[in-house]
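# Overview (structure and organization)
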Amino acid sequence: MIEAKNVIKKYGQVTALDDFTVDIPKGKIGILGPNGAGKSTFVKIALGLIESTSGEITVLGENLDKNSIEIRKKIGYMPEHDCIPNKMTGVEFLIEMGQVSGLDYQTATQRTHEILGHLRMGEEKYRLIEEYSGGMRQKIKLAQGLVHGPELMFLDEPTSGLDPNARQEMLETINGLAEISNTNVLLSTHILQDVETVCDYVIIINNGKLQIKENVKELVKRQTDTIQIRVGENSDEFISILKQNNNKRNIEITDRWIRIPYKNEESFKEIISAAASAKCQLYEMERIAMTMDNIYLEVVN
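Small disclaimer: the values here were computed from a predicted structure and weren't measured.

This paragraph deals with the overall build of the protein chain. Assigned secondary structure in the protein chain consists of eleven helices and 14 strands. Principal-axis analysis of the C-alpha atoms gives the protein chain an extent of 80 × 45 × 30 Å. The burial tally for the protein chain puts 48% of its 301 residues in the buried class. Put simply, 68% of the contacts in the protein chain that link residues at least 6 apart link residues at least 24 apart. Accessible surface for the protein chain amounts to roughly 15500 Å². Of this, 44% is attributable to carbon and sulfur atoms. Across the protein chain, 35 positive and 44 negative side-chain charges occur, with their mean positions spaced 3 Å apart.

So this is what it looks like as structure tokens:
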């Protein structure tokens, strides 16, 4: 869907993307990163809003430098900032955006009512946008990016500022995009649970470099089966015994915790036995459920 090869983007002396390379598959993709990581810069380059300093990027199989106008006809964009016209109705705004995207008036009108119907806008679509609630304003921003039937939709913080009910409704809508219009989604957000709820793949960027690209379900599943242990004295002997018993499994050691992959219930017995043999006090032992938050923090730190 999007392929970046050795992309560098500099703003003066600041390097926002540093030899950034990634191959993004089709589907619903989440892109994460702390402030200043290069996430927004990558999205802007992929949208054709700014140019890279060097490197190459293709979107939907087309070279962005050579065919940016044609590519833009195939993509939609829901911006984070509130930049929609207050003095137009929802219907008027979407019809105009459809025509801007190359649709004739009749087709734009038909698509407008189809999209707003799917978003369950009801009679609100005939009201002025200045009268809309926060949730409705987010819906109309989403709708304007979808009205021309794009192959790829960029969503920038789509649940920002929404109450829990409106946020859940927005996530359900995003989940249904691929089903109703065969639209691929690139979701840029700081809300990690949104990625876990919606996305097939996650991409994490930090310091302008790709840190991880993984299938979300497989990543969480792989990280979930872990036993976290905290011990007292003689921990070196305890760890040595654990390593002898688990030579085919990785043991993670931090200043505070020891983590061992969970195999089955026998894993707990092995830990207790190792602690007894090493005469090591076992303070805590629990099977932990890793979330996207845990994984994100470990990757960026």
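We now examine the sheet that holds strand β1 (residues 2-11). Strand order across the open sheet formed by four strands is β2-β1-β4-β5, with antiparallel pairing between neighbours. A single partner strand is all that each edge strand has here, and the edge strands are β2 (14-24) and β5 (62-63). Summarising the sheet, β1 and strand β4 (residues 54-59) pair through five bridges and their orientation is antiparallel. From the neighbouring strand, Ala4 faces β4, where its bridge partner is Ile57.

What the rule picks out here adds up to 13 salt bridges. In this structure, Lys139 and Glu169 form a salt bridge, with 2.7 Å as the shortest nitrogen-oxygen distance. With a gap of 30 residues between them, Lys139 in helix α5 (residues 134-146) and Glu169 in helix α6 (residues 164-181) connect regions that are remote in the sequence. By relative accessible area, which is 23% here, Glu169 ends up partly exposed. Linking Arg167 and Asp194 is a salt bridge whose minimum nitrogen-to-oxygen distance equals 2.5 Å. You can see Arg167 sitting in helix α6 and its partner Asp194 sitting in helix α7 (residues 192-198), a full 27 residues away along the chain.

Another aspect to go through is unusual backbone geometry. Even without glycine at this site, Asn6 takes up a positive phi of about 50°. With respect to the helices, strands and loops of the structure, Asn6 is situated in strand β1.

Most often, soluble globular proteins keep nonpolar side chains buried together rather than apart. Judged by nonpolar contacts, the single largest core of 44 residues is most densely connected at Leu32, Ile140, Leu142 and Leu155. Summarising the domain contributions, this core has at least three residues from each of domain 1 (2-220) and domain 2 (223-300). In this view, Leu32 contacts Lys39, Thr189, Leu192, Val195, Val202, Ile203, Ile204, Ile205, Met292 and Tyr296; residues no more than four positions away in its chain are not counted. Ranked by size, the runner-up nonpolar core spans 27 residues in total, among them Phe20, Ile29, Val59 and Ile75.

With respect to the helices and strands, the residue Gly149 is situated in the loop between α5 and β7 (152-156). Distance from Gly149 to Glu237, taken between C-alpha atoms, is 62 Å for residues 88 residues apart in sequence.

The next thing to look at is the sheet that holds β7. Think of a sheet as strands paired side by side through backbone hydrogen bonds, with each pair either parallel or antiparallel. As summarised here, the arrangement of the six strands in space is β6-β7-β8-β3-β9-β10, forming an open sheet in which the pairing is mixed. Each having just a single partner strand, β6 (75-78) and β10 (209-215) make up the two edges of the open sheet. Mean inter-strand twist for the sheet, computed between neighbouring axes without regard to direction, equals 15°. Alignment of strand β3 (residues 28-32) against strand β9 (residues 201-206), held across four bridges, turns out to be parallel. If you follow Ile29 over to β9, its bridge partner there is Tyr201. Helix-sheet contacts for helix α1 (residues 39-47) involve β3, β6, β7, β8 (184-188) and β9, and the interaxial angle to β3 is about 135°. Packing against the sheet, α5 makes contact with β6 and β7, and its axis sits at approximately 165° to β6.

Here the focus is the confidence of the model for the protein chain. Low pLDDT means the predicted coordinates in that region are not meant to be read closely. Summary statistics for the protein chain give a mean pLDDT of 86 and a share of 93% for residues scoring 70 or more. Element-level mean pLDDT values for the protein chain span from 71 in helix α8 (residues 216-224) up to 95 in helix α3 (residues 90-100).

Relative to each other, helix α4 (residues 105-118) and α5 sit at 140°, their axes nearing to 10 Å. Considering their axes alone, α4 and α5 lie oblique with respect to each other. The element α4 and its partner α5 pack so that their crossing is right-handed. Along the contact surface, α4 presents Arg111, Ile115 and Leu116, while α5 presents Ile140, Ala143 and Leu146. Split by residue class, the contact of α4 with α5 holds five nonpolar, no polar and one charged.

Quick notes on the rules
- Residues numbered from 1 in each chain as written.
- Predicted model: local features only at pLDDT ≥ 70, side-chain atom pairs only at ≥ 80, totals over all residues.
- Heavy atoms only, no water.
- Helix = DSSP H or I, 4+ residues; strand = E, 2+ residues; numbered from the N terminus.
- Buried < 20%, exposed > 50% of the residue type's maximum accessible area, 1.4 Å probe, protein only.
- Contact = heavy atoms within 4.5 Å.
- Areas by Shrake-Rupley, 256 points an atom, 1.4 Å probe, with all protein chains shown as cover.
- Lys, Arg positive; Asp, Glu negative; His and termini not counted.
- Charge placed at Lys NZ, Arg CZ, Asp CG, Glu CD.
- Pairing = 2+ DSSP bridges.
- Salt bridge = Lys/Arg side-chain N within 4 Å of Asp/Glu carboxyl O.
- Core = buried A, V, L, I, M, F, W, Y, C linked by side-chain atoms within 4.5 Å.
- Domains from an automatic or database assignment.
- Axes fitted to C-alpha atoms, helices over the stretch in contact; angles between N-to-C directions.
- pLDDT = per-residue confidence, 0-100.
- Parallel < 35°, antiparallel > 145°, perpendicular 65-115°, else oblique.
- Left-handed = near helix turned anticlockwise from the far one by under 90°.
- Nonpolar A, V, L, I, M, F, W, Y, C, P; charged D, E, K, R; others polar.

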